Amino acid sequence: MRLGVKREELASLGNSALLYAIKERRDYLRWHRDQKLDDRCWIDDLGLWEFLDSTPAHQGKIPSFEEGMRLCKEFYAHRRMDVPDPLPGDAVSDPHQWDVDLTRMHHGELVDVLHAIQQGIQAHSVIGSRPRTHEDDRTLYALLPEKIPADFRLPPEPEFLGEAKAPRAGCPSFWRSHSNCKTETHDLHRWGPCK
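Rules and cut-offs
- Residues numbered from 1 in each chain as written.
- Predicted model: local features only at pLDDT ≥ 70, side-chain atom pairs only at ≥ 80, totals over all residues.
- Heavy atoms only, no water.
- Helix = DSSP H or I, 4+ residues; strand = E, 2+ residues; numbered from the N terminus.
- Contact = heavy atoms within 4.5 Å.
- Salt bridge = Lys/Arg side-chain N within 4 Å of Asp/Glu carboxyl O.
- Buried < 20%, exposed > 50% of the residue type's maximum accessible area, 1.4 Å probe, protein only.
- Expected span 1.5 Å × (residues − 1).
- Arc of directions from axis to C-beta.
- pLDDT = per-residue confidence, 0-100.
- Core = buried A, V, L, I, M, F, W, Y, C linked by side-chain atoms within 4.5 Å.

J.: Got a sec to walk through the environment of Glu146? Specific residues and values, please.
T.: Structurally, the position occupied by Glu146 is in the loop between α6 (134-141) and α7 (157-160). Setting aside residues up to four positions removed in sequence, Glu146 forms contacts with Arg30, Arg33, Ala91, Val92 and Trp98.

J.: Mind laying out the pattern of salt bridges, listing which residues take part and the relevant values?
T.: Applying the stated rule across the entire model yields 21 salt bridges. Between Asp99 and Arg26 there is a salt bridge; the shortest N-O distance is 2.6 Å. Here Arg26 lies in helix α2 (residues 15-34) and Asp99 lies in the loop between α4 (65-78) and α5 (107-125), a separation of 73 residues in the sequence. With relative accessibility at 18%, the residue Asp99 sits in the buried group. Linking Asp82 and Arg80 is a salt bridge whose minimum nitrogen-to-oxygen distance equals 3.1 Å.

J.: Describe the environment of Arg33, and please don't skip the residues or the numbers.
T.: Here Arg33 shows up in helix α2. Accessibility expressed as a relative area gives 1% for Arg33, which makes it buried. Between the C-alpha atoms of Arg33 and Arg132, which are 99 residues apart in sequence, the distance is 15 Å. With residues up to four places along the chain from it excluded, the contact list for Arg33 reads Arg40, Trp98, Tyr141, Leu144, Glu146, Ile148, Pro149 and Ala150.

J.: Tell me about α4, and please be specific about residues and values.
T.: Along its 14 residues, α4 runs 20 Å from first to last C-alpha, staying within 8% of the 20 Å computed at 1.5 Å per residue. When we look at burial in α4, the residues that qualify are Gly68, Met69, Leu71, Cys72, Phe75 and Tyr76. Buried residues of α4, viewed axially, fall in a sector of 160°; they line one side. Turned more than 90 degrees off the buried face of α4, the exposed positions are Glu66 and Ala77. Buried residues along α4 sit in contact with α7 and α8 (171-177).

J.: So what about the confidence of the model for the protein chain? Which residues, and what values?
T.: With 94% of its residues at a pLDDT of 70 or more, the protein chain shows a mean pLDDT of 91. Considering each helix and strand of the protein chain separately, the mean pLDDT is smallest for α8, with a value of 89, and largest for α2, with 98.

J.: Outline the nonpolar core, supporting the account with residue identities and numerical values.
T.: One finds Trp42, Ile43, Leu48, Leu114, Ile121 and Trp175 to be the most contacted residues of the largest nonpolar core, which totals 40 residues. Among the elements of the structure, α2, α3 (43-49), α4, α5, α6 and α8 are those that each provide at least two residues to this core. Broken down by element, this core gets its largest block of residues, 6 residues, from α5. Setting aside residues no more than four positions away along its own chain, Trp175 makes contact with Trp42, Ile43, Ile62, Pro63, Phe65, Gly68, Met69, Cys72 and Leu188.

J.: Describe in detail unusual backbone geometry, supporting the description with residues and values.
T.: Most peptide bonds are trans, and most residues other than glycine sit at a negative phi. Residues Ala166 and Pro167 are joined by a peptide bond in cis, for which omega reads 10°. Residues other than glycine seldom take positive phi values, yet Leu37 does so here, at roughly 50°. Considering the arrangement of structural elements, one finds Leu37 in the loop between α2 and α3. In this structure, Lys147 takes a positive phi of about 60° despite not being glycine. Mapped onto the elements of the fold, Lys147 is located in the loop between α6 and α7.

J.: Account for α5, naming residues and giving values.
T.: Residues spaced three or four apart along an α-helix point in a common direction, a consequence of the helix completing one turn every 3.6 residues. Helix length check: α5 (19 residues) gives 27 Å between terminal C-alpha atoms against 27 Å at 1.5 Å per residue, within 8%. Residues Leu110, Val111, Val113, Leu114, His115, Ile117, Gln118, Gly120, Ile121, His124 and Ser125 constitute the buried set of α5. At its buried positions, α5 is contacted by α1 (7-10), α2, α3 and α6.

Listed below in structure tokens is the structure:
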């Protein structure tokens, strides 16, 4: 469900719609956070930003090979760390406890939570001219109550950006796998060719 970022618009939703929207966004944020190694990718941002009604749907349209590789290189340069973030002492490791906070909230508190998430997603989507970094991702994941850290490690550069494990790994192989798709839209979370 696409929503805006204005609190007054979100306040018009009933509790069940608020709960649904919060859980939908938290689930995607968790999925985004929990991607590891070569499953971490800038493409994951597209699904996140589609929670905003101000962001046009990307509908899986594939960028050119050159643009895809430029974005992969930027991702590797600015969103990679050599070690995983440490687990804080107050992290909640039991997934069954991650959304317990919502059960005790009244309407206004639910609006506040959804509003914070929508603002966080918008801030992540409109970075401006600077590169998006792992710090932007950390800020986004801090919206989740469980405080589980991300693992920002990526495979070595020859594997991630090169041909070391081609043809079934690496950005160049991925973009080539979509080059012969006959359709306008693509599932960019899968290797091509599209069917």
